Amino acid sequence: MRPVRAADEMTDKQAAEVAGDAEEATPDTPEKPRVRWRWAETGLMLGFLALGVLVMIKLWIDPNGRVLQGNDSDHGIFLFMLAHAERVVFDGGPLFYENRFNVPFGVNMMANTSILALALPLAPITHFLGGGVTVVLLMTLGLAGTAAAWYWVLSRPLGRTRVAAAIGAAFAGFGPAMVSHANGHVNFVNNYVLPFIVWQVLRLREPGRAWRSGVILGLLIVVQIFINEEALLFAALTLGVFVVSYALMERAETKRVWKRFAGGLAVAALTSGALAAYPLWRQFFGKGTYHGQPFDPTTYVMDVASLGAYARNSLFGIGAITRRLSVSATEDNTFWGPFGLVMIIVSIVILWRNSAMRATAIAGMVLLVMSLGPKMQIAGFRTDVPLPFALIKHVPVIDLVSVSRFAMVPSMVAGILLAFAYDRVRESPEKTRRRFKIGLVLALVPLIPRPLPVFEGTPMPEFITAGIYKQYVPEGRTLITVPMPEVTTGRTGQRWATLNNLDYATPRGYFMGPKEPPKDDTGSWSAPQRYTSWMFRNVGRTGEVPKITPWRREQVAMDMAYWKAAVLVLVPDEKHSAALRTLLVELFGQPELVGGVEIWRVNS
């Protein structure tokens, strides 16, 4: 077999010739030797792991006691996902539904980012060490694992040199987008399956691999479904744009390989469809399913000015500037810095003559434009300049995505382009090589991540940690923390319940479900509002206690019965906790001080 030229070494004319290498191979020709693993690469993997620990070090100090400051709500929701998996493994709970959260309705776990592929294997850690340990472990391994996966794919199947692969992998695994999502999004940090999906899709063009690669691709898709379906959608869109672009550029090769490529895709679709059919049915048609988002997805878009700015968690980042240009601390999906943006553009120019690299760049640019939303936003100001996304914003599935997250794709593509460009300039004059390396240093050093900020969470009281609550909450009844768990309030109550692995049932919470079933199944971040939950939230927000009338007492009694309440626990040190205490005293009388907290028994 003739040595296959690396993608960035081919001209357009040579691409078709190389595509047929495998078909023209004869048994007498020697095979290309495998690239052997070296100790330096082991050191690189340990370096990725060390960098992951550095990013999460403040949370590692006390995983069950501290909370990620960038997005404490999503930190809490993933504690819920891990607690659910622990119940499945240790208590035999339902796999796709959780009935001890949002009592009495429950939560459709397939309709949420339940990360079952991660949470179930790590359920013993959640059980014995606590969900906080599992969260920080998944964040650390997600960052390091994504970088390691891209390194292997870049250095082995894609034939990059080790230095080039390390550059691309570091950008893909520890770039601003990934570090940003480590502020709370366990699902978006664990992206190590995606590089292998890309690799298997590319292999479908090889002769004799339709069945083998198709089955492998199908299995990888199923694993990714149970990690993050949104990232899988991004990968599918990107690969779709890449394949169409490449096919239009290389029509002769397309005619040769399209049948086996399509056949491999069909095998992958059948494999993944057969394995994921029932879970997906539960997701879209089971109890607790919903349609649409609780917000207009086009509200959250990337700002054009963010392309050349620095993220808040980067070495050169300035929080005030980033907050002006970004949706939230978990959505800094571009922020490549001025030198980073220049080097990405330089890399595209260097590689533009190669069809595969040109198609890769086009795919990244298409997803980047999509992330800008229907109208351009610059420096925090929404303009009237229309953008192409306006034409597809109502397309089913697309309308379920937070638009700014499309920019995660160009951030990954940028790492690939930098890796290939690094190898390409090795053939250039010394002066050009030196300039490129200086540019890389200026681009990458400012993007080195800083440890993510945290704050101390309200400690769980002895009433819960010592199991005293079991004397007050019989089976089939619930424990209600006040403020009640919601998307923006009552986060401590949700944290206590989930760190306790849902050993006690609790109403409401932060999750995705239908707004007002069955009459309104629009997606919502919390349970349908009831009078008592509304009153608790309003008092917690304003500090004003309403006069308790007979009608209000009747509404509260109805809600306590609906929630099957056994005891209410006042969370200390919350905003307006004194006003909430006054309200509870008016409704239920004087509290008991038990296990470090004030509680009210409820005869519901």
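Everything that follows concerns the structure shown earlier in this document.
Residues numbered from 1 in each chain as written. Predicted model: local features only at pLDDT ≥ 70, side-chain atom pairs only at ≥ 80, totals over all residues. Heavy atoms only, no water.

Engineer: Any details on the pattern of salt bridges? Residues and values, ideally.
Structural biologist: Any two side chains of opposite charge can pair, given that their charged atoms come close. A full pass over the atoms with the stated rule returns 20 salt bridges. A salt bridge links Glu430 to Arg434; its shortest N-O distance comes to 3.8 Å. With Glu430 and Arg434 both in helix H20 (residues 430-444), this residue pair falls four residues apart, about one helical turn. Under the relative-accessibility criterion, Glu430 is labelled partly exposed at 42%. Judged by its relative accessible area of 45%, Arg434 is partly exposed. Close ionic contact of Arg530 with Asp559 constitutes a salt bridge, the shortest N to O distance being 2.7 Å. With Arg530 in the loop between strand E9 (520-524) and helix H23 (531-542) and Asp559 in helix H24 (residues 550-563), this residue pair connects regions lying 29 residues apart in the sequence. Classification of Arg530 as partly exposed rests on a relative accessible area of 25%. Each member of the salt-bridge network shares a partner with another, and the members are Glu41, Arg156 and Arg162. (Salt bridge = Lys/Arg side-chain N within 4 Å of Asp/Glu carboxyl O. Helix = DSSP H or I, 4+ residues; strand = E, 2+ residues; numbered from the N terminus. Buried < 20%, exposed > 50% of the residue type's maximum accessible area, 1.4 Å probe, protein only.)

Engineer: Describe a nonpolar patch on the surface, and please don't skip the residues or the numbers.
Structural biologist: Together, Leu46, Leu49, Val53, Leu54, Ile57, Ile61 and Leu141 make up an exposed nonpolar region whose accessible area comes to about 560 Å². Top element by residues in the nonpolar patch is helix H3 (residues 39-55). It accounts for four residues. (Patch = residues over 30% accessible without salt bridge, like charges linked within 9 Å, V, L, I, M, F, W, Y side chains within 5 Å. Areas by Shrake-Rupley, 256 points an atom, 1.4 Å probe, with all protein chains shown as cover.)

Engineer: So what about the nonpolar core? Which residues, and what values?
Structural biologist: Of all hydrophobic cores here, the largest spans 130 residues; its most connected members are Met56, Ile115, Ile197, Phe406 and Phe463. The dominant element in this core, judged by the number of residues it contributes, is helix H19 (residues 408-425), at 13 residues. Among all residues touching Met56, those that are not within four sequence positions of it are Leu68, Val136, Met139, Thr140, Ala182 and Leu452. The next biggest cluster of nonpolar side chains, apart from the first, holds 22 residues, and it includes Ile480, Met484, Val539 and Trp563. (Core = buried A, V, L, I, M, F, W, Y, C linked by side-chain atoms within 4.5 Å. Contact = heavy atoms within 4.5 Å.)

Engineer: With reference to specific residues and values, describe the sheet that holds strand E12 (residues 597-601).
Structural biologist: In spatial order, the strands read E7-E10-E12-E11; together these four strands make up an open sheet with mixed pairing. The two strands at the open ends of the sheet, each matched to only one other strand, are strand E7 (478-482) and strand E11 (592-594). Across the sheet, the mean angle separating the axes of adjacent strands is 35° when strand polarity is ignored. Bridge analysis of E11 against E12 gives three bridges, and the strand direction is antiparallel. Paired with Val594 across the strands is Val597, a residue of E12. Contacting E7, strand E10 (565-570) and E12, helix H25 (residues 577-588) crosses the sheet at an angle of about 150° to E10. (Pairing = 2+ DSSP bridges. Axes fitted to C-alpha atoms, helices over the stretch in contact; angles between N-to-C directions.)

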